[in-house]
Amino acid sequence: MPRIMIVEDNEFSRDALARRLVRRGFEVAVACDGLQALTAAHESRPDLILMDLGLPGIDGWEATRRLKADAATQHIPVIVLSAHAMVTDRELALAVGGDDFDAKPVRFERLLEKIQALL
Amino acid sequence: MDPVTPLIADSSPATDPGVAARAVELCQDYEQKIHVRTDRLFAGLMGLQWVAGVLFALWVSPLAWAGGTSRTHLHVWAALFLGGLLSVFPAALALLRPGERSTRYVIAVAQMLMGALLIHLTGGRIETHFHVFGSLAFLAFYRDWRVLVPATVVVALDHLLRGYFFPQSVYGVIAASPWRWLEHAGWVVFEDVFLLLSVYRSIREMRDRAERTAALEHQLRTRAVLVEDLRKAQKQAEVASRAKSDFLASMSHELRTPLNAIILYSELLEEEAMDRPGDQSVEDLRKIQSAGKHLLELINGILDLSKIEAGKMSVTPEEFDVRSMLSDVVDTVRPLVHKNSNRLTVNVADSVTTVNADVTKTRQIVLNLVSNAAKFTRLGSVTIDVTRSSGGARDYIEFRISDTGVGMTPEQTRRIFEPFTQADVTTARKYGGTGLGLAIVSSLCQLMDGSISVDSRPDAGSRFTVLLPVQPLQPAENHADAAA
């Protein structure tokens, strides 16, 4: 059973996405900010991370960069999610080492396809 | 526009009291400069005349008046002392108080007396009388007619008195007619007439020049103010435009976050409801989702429009196959075409192969037009014709999207490319859509150096024609814009 970690500071978005993924048979862990995400990624080594960009403290860009710079976590695929939907966000997300990008509000079926492709 | 027009109208210099005052000031300034310059001229002339007078006395007087004796003649001393007396005071005034009215009156009187001395020193030779006419002409340099009055009076009185008491000194003869001074004075007045005319014309020209200069200064000042105003207004507009697009970008972000939760929860609830047979809430949950997605389209549309307006939408040309782009569009739009029982036909001319353009934007344009055609047509047909055409120096690809749907009135077609102007208010309710699609399509066409036009009649369908260049005009420059 693939384990997915959702990094998202908005409680509703985090909860709704988590419950939908659980219904599709994923095991889901959540983190509310970049620091939690880095610690949790080290401890639990999820199979995939959904990373929001606008996070308090260490933001999604920095967290992704650190995950990809760390030998212990660099193999974990990261899908970057952003509500900005600007082309520059996508380019930046991929530049810091994200494996894919999706805009919020997420289209769940499309996101599932992206997740399946990376697992 | 409005705040600018009156500024130009107000700048008419003829009616401006400030300009007239400035013209008077300029004219006085010119006159003052001329007076000072002429004072200096006379200071020099005084010195020269003094020296000339002494030389006349040394060379002419002893021979003409004392024969062969070598005694210093009285005239030499007269030339030295009288000439000095006549020269030093006005020359000093010219140097110490240049431009003063009294200075030029003193100079006028002294100059004429110097003439009288020179005539005396040359034994009343008629040739030396020309000094009088030359002096008057020099005095006219002041461009002040009043200076000529004391000068003329001095000449006339000198001729009258010396002609009566000492005619040899002024006419070079022992006895002269008592009226001879009148003839001399007459010729002086004759010259005065021309000098006065010339002074009058010269003053008038000076006044004209002052008025023109004042008007020009006023225009330059007005224009500088105008340019500064325009620059400020432009800067304000740029700041406002940037603030607006920043606001829209952050607004769009703030709206997306809660919308994300709404759509995810309603989809989650729908999935859960579908697991419970007979649950009535599925339909309602779908309506929430549909409303949420409509809201999302609006947000995306507004963001797109504001990006285009703010010049932040970049065009990235790349070589792509037109047929494969069209097949993407057809796949996407097929469910909508079938929903209204329409027939979709695609005709691509053989000459159409690949184009070098922004593929995402081209697809967005065609997809939007085909979706509209499918949406506004029922039990009819939607046709996509793609051809290649030459327009002037450039080759274009032409997309023609025709339908047999509801069509539009001429009034409706006129406003169709403006934002939030669906053909009429009931349209949005009946057919859905954001009212932004065609505004975005039209802006995208312009952005890509292309054009869009529409031909439509009510109940006879619509035909949208899009022309896009096959090659970007200056690929390097476009790329630089895209990067910026």
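Residues numbered from 1 in each chain as written. Chains lettered and ligands numbered in written order. Predicted model: local features only at pLDDT ≥ 70, side-chain atom pairs only at ≥ 80, totals over all residues.

A. The sheet that holds strand β4 (residues 381-391) of chain B, seen in detail. Residues and elements named next belong to chain B. An order of β2-β4-β5-β7-β6 is seen for the five strands of this open sheet, with the pairing classed as mixed. Two strands close off the open sheet at either side, each with one partner strand: β2 (343-348) and β6 (451-456). Direction aside, neighbouring strands of the sheet carry axes that sit 15° apart on average. Pairing geometry for strand β5 (residues 394-403) and strand β7 (residues 462-469), over seven bridges, is antiparallel. Note that in β7 the partner of Tyr 396 across the bridge is Pro 469. (Pairing = 2+ DSSP bridges. Helix = DSSP H or I, 4+ residues; strand = E, 2+ residues; numbered from the N terminus. Axes fitted to C-alpha atoms, helices over the stretch in contact; angles between N-to-C directions.)

B. Layout of the nonpolar core. Residue and element names in this part refer to chain B. Ranked by size, the top nonpolar core spans 37 residues in total, and within it Leu 369, Val 370 and Val 441 carry the most contacts. At the level of secondary structure, the elements contributing two or more residues to this core comprise α11 (322-339), β3 (354-357), α12 (359-375), β4, β5, α15 (437-447) and β7. With residues up to four places along the chain from it excluded, the contact list for Val 370 reads Val 329, Val 333, Val 382, Ile 384 and Ile 401. (Core = buried A, V, L, I, M, F, W, Y, C linked by C-beta atoms within 7 Å. Buried ≥ 20, exposed ≤ 12 C-beta atoms within 10 Å, placed from the backbone. Contact = placed C-beta atoms within 7 Å.)

C. Examining the packing of helix α2 (residues 34-44) of chain A against helix α3 (residues 60-69) of chain A more closely. All names here are of chain A. Put simply, α2 and α3 touch, their axes get as near as 9 Å, and they point 20° apart. Classified by the angle between their axes, α2 and α3 sit roughly parallel to one another. Considering how the two elements wind past one another, α2 and α3 form a crossing that is right-handed. For the pair formed by α2 and α3, the contact residues are Gly 34, Ala 37, Leu 38 and Ala 41 on the first element and Gly 60, Glu 62, Ala 63, Arg 66 and Leu 67 on the second. Here the contact of α2 with α3 is composed, by residue class, of five nonpolar, two polar and two charged. (Parallel < 35°, antiparallel > 145°, perpendicular 65-115°, else oblique. Left-handed = near helix turned anticlockwise from the far one by under 90°. Nonpolar A, V, L, I, M, F, W, Y, C, P; charged D, E, K, R; others polar.)

D. Geometry of the interface of chain A and chain B. Of the residues lining the interface, 14 residues belong to chain A; the matching set on chain B comes to 13 residues. Sorting elements by how many residues they give to the side of chain A that touches chain B places helix α1 (residues 11-23) of chain A first, with seven residues. A per-class count over the side of chain A that touches chain B returns seven nonpolar, three polar and four charged.

E. Local environment of the sheet that holds strand β1 (residues 3-7) of chain A. Residues and elements named next belong to chain A. Spatially, β2-β1-β3-β4-β5 is the arrangement adopted by the five strands of the open sheet, whose pairing is parallel. One side of each edge strand has no neighbouring strand; the edge strands of this open sheet are β2 (27-31) and β5 (100-103). Each adjacent strand pair in this sheet contributes to an overall mean axis angle of 20°, direction not counted. Both β1 and β2 contribute to a ladder of five bridges, which runs parallel. Across the sheet, Arg 3 pairs through a bridge with Glu 27, a residue of β2. On top of the sheet, α1 reaches β1 and β2; it is set at about 165° to β2, its chief contact.

These figures come from the coordinates and say nothing about function on their own.
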